Amino acid sequence: QVQVVESGGGSVQPGGSVRLSCAASAVFFGRYAMGWYRQTPGKERELVADITSGGIINYTDAVKGRFTISRDNAKKTMYLQMSSLKPEDTAVYYCNLIWGPLTYWGQGTQVTVSS
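About the criteria used
Residues numbered from 1 in each chain as written. Predicted model: local features only at pLDDT ≥ 70, side-chain atom pairs only at ≥ 80, totals over all residues. Heavy atoms only, no water. Helix = DSSP H or I, 4+ residues; strand = E, 2+ residues; numbered from the N terminus. Pairing = 2+ DSSP bridges. Axes fitted to C-alpha atoms, helices over the stretch in contact; angles between N-to-C directions. Core = buried A, V, L, I, M, F, W, Y, C linked by side-chain atoms within 4.5 Å. Buried < 20%, exposed > 50% of the residue type's maximum accessible area, 1.4 Å probe, protein only. Contact = heavy atoms within 4.5 Å.

A. Fine view of the environment of valine 48. Summarising the element assignment, valine 48 is placed in strand E5 (residues 46-51). Residues valine 48 and tyrosine 59, 11 residues apart in the sequence, show an inter-C-alpha distance of 5.9 Å.

B. Up close: the sheet that holds strand E8 (residues 77-82). With antiparallel pairing, the 4 strands of this open sheet are ordered in space as E1-E3-E8-E7. Only two strands of the sheet have a single partner each, and these edge strands are strand E1 (4-7) and strand E7 (67-72). Direction aside, the axes of adjacent strands within the sheet are offset by 15° on average. Where E7 and E8 come together, 6 bridges link them in antiparallel fashion. If you follow arginine 71 over to E8, its bridge partner there is methionine 78.

C. Summary view of the nonpolar core. By size, the foremost hydrophobic cluster in this structure holds 30 residues, and its most contacted members are Trp36, Leu80, Met82, Tyr93 and Leu97. Taken together, the elements giving at least two residues each to this core come down to strand E3 (18-24), strand E4 (33-39), E5, E7, E8, strand E9 (91-99) and strand E11 (109-113). Other than its neighbours up to four places away in sequence, tyrosine 93 contacts Glu6, Leu20, Trp36, Tyr37, Arg38, Val48, Phe67, Leu80, Met82, Gly108, Thr109 and Val111.

Right, dumping it as structure tokens:
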């Protein structure tokens, strides 16, 4: 019922920047905590950053100072601004929404950091 669509991925050189967007159709979008996760083949999905309905933000240590998560409830969209990208940031990035027992995932968007 809730559609979650990531966009903005692509190829970028090390040191470059990319902004990911996640648009979700949730009626009560503002009630959800949201997060960006990433995954590479053969590895577990890992949390990159999340943001609560109240705007409290958490980042994994690997991206602190380089990535910025934000949300615009009026647009029902969450963003991940990624700067100073490193090859190890290469992954499929997924958008997640959670509100109590309700959890929704997007299909992911590929980010490739290489020369």
